[in-house]
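Structural features, examined
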Amino acid sequence: MLLLGFMACLVGCGKGKTLEEGEAAMLRDGDRVSRKLTDKVTLDATIELPKDWDGTVETCKVKNVYFNGKELSKRLYPDIPASEWQDPDMAEFGDDAGVLHEGDIWIEEGQEPKPGVIRLALGISIQTERAERNRRLFKQNIEPDSRVLETDAGEELTFMPVEEARERAEKYWTEVIGLEGVRFLGYYPVTHKELFEEAESLARERGETMVEEFEETDDCYDIRMEQIVNGLPLTAGSLHDGRKDGLYVPSGEIITIVGTDGIASVSCEGNYEILEVEENEAASMEIIYHTLERKFQMSMAGDVSVDEMRLVYYPYPLSADYSLREYELVPTWYFSFSADGIPSNVYVNAVTGEEITE
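Right, let's walk through the structure included here. (Residues numbered from 1 in each chain as written. Predicted model: local features only at pLDDT ≥ 70, side-chain atom pairs only at ≥ 80, totals over all residues. Heavy atoms only, no water.)

So, the overall build of the protein chain
The condition that has to hold: What counts as a helix is a DSSP run of H or I of at least four residues, what counts as a strand is a run of E of at least two, and both are numbered from the N terminus. Throughout, a contact is declared for two residues whenever any of their heavy atoms are within 4.5 Å. Here the accessible surface of atoms and residues is derived via Shrake-Rupley with a 1.4 Å probe, and residues count as covered only by protein chains that are part of the display.
Of the regular secondary structure elements, the protein chain holds six helices and 19 strands. Residue pairs at least 24 apart in sequence account for 68% of intrachain contacts in the protein chain once pairs closer than 6 positions are excluded. In the structure as shown, the protein chain presents an accessible area of about 18,000 Å², 46% of it carried by carbon and sulfur atoms.

Following this line, the structure appears as structure tokens:
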């Protein structure tokens, strides 16, 4: 039968095992799947799943309740007088609790205050003036393809091991802010020499004289994470950033800049309250793989290796009325690969097995 040809060889915990049609529940976090999808496309990835996954998934209806800036400011910054907080007009976005502070700020307990801005409204954005200046110069912001998101085995800077920087970022978001959890995506190591070169290049393009100065204290890690909601990462991928219908969908991406003096900048877009949960059996892996095969059979890409496979939430807006801020979080298989040197993603609905195209 046709389905007998759709078999995946998995290697996990040092042992080989065969996954047949309908055996989604046999998948375990950390298993490795190696499978030929087409003549030119191979799936070769370590699977990332919730611990003790049983083959079921939950679709959630959620509301982005934002971060109540007025309450959060009192908890995070009780020493800043109420008179020093501004109330930005966010009524059109359905937020009447946003606050703004410009002046000396800190992010981690015990840090020396430095000039910066605290924005607690639709999301969280806190950064020192120097960190804000440097972020504008990061090469990955100006030339997205010129830098590679490093993993645990990537480049480290001398002022701090990246693992320590990662732990500080995770502690801030889970223990200080109170998010359910975060998933580490990777990081960009940024040196003061790179910042100087980028500033010099921009000044030259504008016909200006470069006057900014950069020191070793500007070295930093730009750490990227995804927010965990109901046990799964809310995807930080870019596919849902440009929907054909123009509806806005927030990203689950969290950014933390860790420098020589500790955390210098943090940003997070949403804070989600779960309204409803519906449990479903996940589609068989053969259906998922077949969708991938069809996808790449129609593609003009050359030799491709799909090297990332994990279960995430993909958000769908439930209304064109932005002020309602309600979304359906759909459990989704996320696959990533590079075609002709360009990073790309494929999202497949984990319940229906259909590709998500917007």
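Topic: the nonpolar core
Inclusion rule: For the purposes of this section, nonpolar cores are sets of buried Ala, Val, Leu, Ile, Met, Phe, Trp, Tyr and Cys residues that join through side-chain atoms within 4.5 Å. Type-normalised accessible area, obtained with a 1.4 Å probe on protein chains alone, sets the label of each residue: buried when under 20%, exposed when over 50%, and partly exposed for intermediate values.
Formed by 37 residues in total, the largest nonpolar core has its most connected members in Leu 43, Phe 296, Val 306, Met 309, Trp 333 and Phe 335. Elements with a minimum of two residues in this core: β4 (41–48), β5 (56–64), α6 (285–297), β15 (304–306), β16 (308–317), β17 (326–339) and β18 (342–349). Examining the composition of this core, we find that six residues originate from one element, β17, more than from any other. Setting aside residues up to four positions removed in sequence, Leu 43 forms contacts with Val 33, Ser 34, Arg 35, Leu 37, Tyr 289, Val 306, Met 309 and Phe 335.

Some details on the pattern of salt bridges
Let me state the cut-off plainly: Any Lys or Arg side-chain nitrogen located within 4 Å of an Asp or Glu carboxyl oxygen qualifies as a salt bridge.
Under the counting rule described, the total for this entry stands at 19 salt bridges. A salt bridge links Arg 166 to Glu 163; its shortest N-O distance comes to 4.0 Å. Of this pair, Arg 166 and Glu 163 both sit in helix α4 (residues 162–177), three residues apart, roughly one helical turn. Put simply, Glu 226 and Arg 310 hold a salt bridge, and the shortest N to O gap is 2.8 Å.

Comments concerning helix α5 (residues 192–206)
Put simply, the rule reads: In this scheme, a helix's expected span is set at 1.5 Å multiplied by one less than its residue total.
Taking 1.5 Å of rise per residue, 15 residues should cover 21 Å, and α5 covers 21 Å from first to last C-alpha, within 8% of that figure. Downstream of α5 by a residue or two, Gly 207 has a phi angle that is positive, lying close to 70 degrees.

What to know about α4
What counts, and what does not: The bend at a residue is defined as the angle formed between two axes, one fitted to the seven residues ending at that residue and one fitted to the seven starting there.
Look at α4: 21 Å from first C-alpha to last across 16 residues, which is about the 22 Å you get at 1.5 Å a residue. Lys 171 marks where α4 bends most, by close to 25 degrees. Among the structural elements, α1 (69–76), β8 (124–128), β9 (182–190), β10 (220–229), β12 (253–259) and β13 (262–268) are those in contact with the buried residues of α4. Where α4 ends, the next residue or the one after it, Gly 178, has phi of about 95 degrees, a positive value.

Things to note about unusual backbone geometry
Although it is not a glycine, Asp 52 adopts a positive phi angle of roughly 55 degrees. Its place among the elements puts Asp 52 in the loop between β4 and β5. Non-glycine residue Arg 325 carries a positive phi angle of around 55 degrees. The topology assignment puts Arg 325 in the loop between β16 and β17. Overall, Arg 325 belongs to the buried group, its relative accessible area being 10%.

As for the pairing of β13
Quick reminder of the rule: Strands are treated as partners if at least two bridges between them are detected by DSSP.
Counting buried positions along β13 yields seven of seven residues, so the element is predominantly enclosed. As paired strands, β8 and β13 are joined by four bridges and run antiparallel to one another. Bridged to Ile 126 within β13 is Val 266. Where β12 meets β13, six bridges bridge the pair, whose relative direction is antiparallel. Opposite Ile 255, over in β13, you have Ser 267 as the bridge partner. Linking β12 back to β13 in an antiparallel pair, the connection comprises two residues.

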